[in-house]
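# Chains, contacts and geometry: an overview
Here are the chains, one letter per residue:
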Amino acid sequence: MKGSRGTYETFVRPLLFSLDAETAHHLTIELLQKASHFNPALRVLKSFQPSSKPKTLFGINFSNPIGLAAGLDKNGVALPVWAALGFGFIEIGTVTAKAQPGNAKPRIFRLPEQQALINRLGFNNRGADAIANRLAALRKSGRWPVVPVGINIGKSRATPLEQATDDYLCSFRLLQDFADYVTLNVSSPNTPGLRELQEPEKLSELLLAISKEAGSTRKPLIVKISPDLSGAELKAILAVCEANGVSGIIATNTTLDHSFIPPQLDQPGGLSGAPLRNKSTALVREIASRSTIPVIASGGIFDAESAREKFYAGAALIQLYTGFVYRGPRLLREIMDSL
Ligand SMILES: Cc1cc2nc3c(=O)[nH]c(=O)nc-3n(C[C@H](O)[C@H](O)[C@H](O)COP(=O)(O)O)c2cc1C
């Protein structure tokens, strides 16, 4: 991995990595939530912000093409901080219709040698209603971020797959007003059966229902897909997305392909970070060559080079998760400087 080490990698990461991964995550989110209410902290963060590189896509103005990927701020508690750090857009969620605790702990695992994470969180979140109330309060407080906010929705675990559409619709109704775009997550590996919603018939049904609900005030609709699709499956998904006027595709979610992970380190769950990089780039390239639907690339972006690779493959925007956990805010600046 290229790029020199910053304050985060030298001082903050060793502290965080001395804790269990989920404890470190909660501590960080709590701190960022507090900082979101504290103007001096936001001002300090803003002073390190990379300069903006605006881009307009599906009618939305992005101050730069680097976004925060879904899952880091599932409940949308730290929006002002992500914007102050310089993210060009923020995706919160995955939010489900019902509040749910997720799977049993431990459920996030670091693999530092592999620059990777494995997680089987299972959409732990406070539920669409509570999150809508939180977002309403944020809007009222005048602290709503200046950058676009995407809201990623998924199926509640307790809802049978056959009723998935109603579950998504419930979250969509509660949250669409707060979103600049809405992402339908049909690709997390940790909710049993969820990935079946990528099958053409099921995906069509979901997209039709959401489009009908959105009516004429329609916000851009994005579909987030798995990296573990065959060529034929991808082709079918693209056809359904095109037929239903989907605005963008996020490629990709985490992978179930753990073939590069030594067996003694392996865990059930979705693998993210460096081992996902090539697979996810290949999918971005394939989508860009087969379709005109804009792609948001996510998977294994750790430095300027891996970010550029996604843009060369045809991505319009990119999102960071695991790379940000390992490299911190410096990663944003490094990528921005190289664009
Ligand atoms: C701990 C963890 C939790 C995640 N939670 C979600 C989620 O709730 N919804 C979602 O769409 N993606 C989720 N993701 C996937 C990321 O948004 C991203 O698509 C994936 O990790 C690949 O990018 P990366 O290699 O930069 O991490 C999660 C990833 C991690 C590591």
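Up top is the structure.
## Describing the overall build of the chain
Across its full length, the chain holds twelve helices and 13 strands. Against the globule reference of 20 Å for 339 residues, the chain gives a C-alpha radius of gyration of 18 Å, in line with a compact fold. Within the span of the chain, comprising 339 residues, buried residues form 57% of the whole. In the chain, once contacts between residues fewer than 6 apart in sequence are set aside, the share between residues at least 24 apart is 74%. Looking at the chain as shown, the accessible area adds up to about 14100 Å², and 56% of this sits on carbon and sulfur atoms. The centroid of the 38 positive side-chain charges in the chain is displaced by 7 Å from the centroid of its 29 negative side-chain charges.

## Regarding the pattern of salt bridges
What the rule picks out here adds up to 14 salt bridges. In this structure, the salt-bridge partner of Glu9 is Arg327, at a minimum N-O distance of 3.4 Å. You can see Glu9 sitting in helix H1 (residues 7-17) and its partner Arg327 sitting in helix H11 (residues 322-327), a full 318 residues away along the chain. For Glu9, a relative accessible area of 3% corresponds to the buried category. The exposure class assigned to Arg327 is buried, which follows from its relative accessible area of 0%. Among the charged side chains, a salt-bridge network with shared partners connects Glu9, Arg13, Arg327, Arg330 and Glu334.

## Remarks on unusual backbone geometry
Of note, the bond from Gly93 into Thr94 is cis; its omega dihedral lies within 30 degrees of zero at 15°. Its place among the elements puts Thr94 in strand S4 (residues 89-95). Of the consecutive residues Lys105 and Pro106, the connecting peptide bond is found in the cis state with omega at -5°. Tracing the sequence through the fold places Pro106 in the loop between S4 and strand S5 (108-111). In this structure, Phe58 takes a positive phi of about 35° despite not being glycine.

## Details of the sheet that holds strand S13 (residues 317-320)
Taken in spatial order, the eight strands line up as S3-S4-S7-S8-S9-S10-S12-S13 and close into a barrel, and their pairing is parallel. Averaged over neighbouring strand pairs, the angle between their axes works out to 25° when direction is ignored. Across four bridges, strand S8 (residues 181-185) lies against strand S9 (residues 221-225) in parallel orientation. Bridge pairing in S9 links Val182 to Leu221. The strands touched by helix H7 (residues 200-214) within the sheet are S8 and S9, with S9 carrying the most contacts at an inclination of about 155°.

## Some thoughts on the site of the ligand
Ala70, Thr94, Ser298, Gly300 and Thr322 are the nearest of the 23 residues found near the ligand. Gly299 places a polar main-chain atom, nitrogen or oxygen, 3.4 Å from an oxygen atom of the ligand. Take Thr322: an N or O atom from its side chain is 2.5 Å from an oxygen atom of the ligand. Where the shell around the ligand is concerned, the elements lending two or more residues are S4, strand S6 (116-119) and strand S11 (270-273).

## Details of the packing of aromatic side chains
Two numbers describe a pair of aromatic rings. These are the distance of the centres and the angle of the planes. Summed over the entire model, instances satisfying the criterion amount to nine aromatic pairs. Ring centres of Phe62 and Phe89 lie 5.1 Å apart, and the angle between their planes is 80°; this geometry places the pair in the edge-to-face category. Note that Phe62 is positioned in strand S2 (residues 60-62) and Phe89 in strand S4, a separation of 27 residues in sequence. In this structure, Phe62 and Phe89 share a single accessibility class: buried. The rings of Phe58, Phe62, Phe89 and Tyr181 are connected pair by pair, giving a single aromatic cluster.

## Some words on helix H12 (residues 330-338)
Along H12, the residues classified as buried are Leu331, Leu332, Glu334, Ile335 and Met336. Contacts made by the buried residues of H12 are with strand S3 (66-68), helix H4 (79-85), helix H10 (304-313), S13 and H11.

## A few points about the packing of helix H9 (residues 277-290) against H10
For any two helices packed against each other, one specifies the crossing angle of their axes together with the interaxial distance. At their nearest, the axes of H9 and H10 sit 8 Å apart, and the two run at 25° to each other. Between H9 and H10, the angle is such that the two are roughly parallel. Across the interface between the two elements, Arg277, Asn278, Ser280, Thr281, Val284, Arg285 and Ala288 of H9 pack against Glu305, Ser306, Glu309, Lys310 and Ala313 of H10. Here the residues of the contact of H9 with H10 sort into three nonpolar, four polar and five charged.

## Here we look at the side chain of Lys74
Mapping Lys74 onto the fold places it in the loop between S3 and H4. Comment: no salt bridge for buried Lys74; closest opposite-charge side chain is Glu22, at 8.9 Å. Look past the residues within four positions of Lys74 in its chain and what remains in contact with it is Ile92, Gly93, Thr94, Val95, Leu121, Phe123, Asn124 and Ile131.

## Here we look at the nonpolar core
Within the largest apolar cluster, 78 residues are counted, with the highest numbers of intra-cluster contacts made by Trp82, Ile151, Tyr168, Leu175 and Ile225. For Ile151, the contacting residues outside a window of four places in its chain are Ile92, Val95, Leu135, Leu175, Phe178, Ala179, Tyr181, Val182 and Thr183. Residues Phe58, Ile250, Ile296 and Leu317 belong to the second largest nonpolar core, which totals eleven residues.

What counts and what doesn't
- Residues numbered from 1 in each chain as written.
- Predicted model: local features only at pLDDT ≥ 70, side-chain atom pairs only at ≥ 80, totals over all residues.
- Heavy atoms only, no water.
- Helix = DSSP H or I, 4+ residues; strand = E, 2+ residues; numbered from the N terminus.
- Rg over C-alpha atoms; globule rule 2.2 N^0.38 Å.
- Buried < 20%, exposed > 50% of the residue type's maximum accessible area, 1.4 Å probe, protein only.
- Contact = heavy atoms within 4.5 Å.
- Areas by Shrake-Rupley, 256 points an atom, 1.4 Å probe, with all protein chains shown as cover.
- Lys, Arg positive; Asp, Glu negative; His and termini not counted.
- Charge placed at Lys NZ, Arg CZ, Asp CG, Glu CD.
- Salt bridge = Lys/Arg side-chain N within 4 Å of Asp/Glu carboxyl O.
- Pairing = 2+ DSSP bridges.
- Axes fitted to C-alpha atoms, helices over the stretch in contact; angles between N-to-C directions.
- Near = heavy atom within 4 Å.
- Polar contact = N/O pair within 3.5 Å; in protein donor to acceptor, adjacent residues only side chain to side chain.
- Phe/Tyr/Trp six-rings, centres within 6.5 Å; stacked < 30°, edge-to-face > 60°.
- Parallel < 35°, antiparallel > 145°, perpendicular 65-115°, else oblique.
- Nonpolar A, V, L, I, M, F, W, Y, C, P; charged D, E, K, R; others polar.
- Core = buried A, V, L, I, M, F, W, Y, C linked by side-chain atoms within 4.5 Å.

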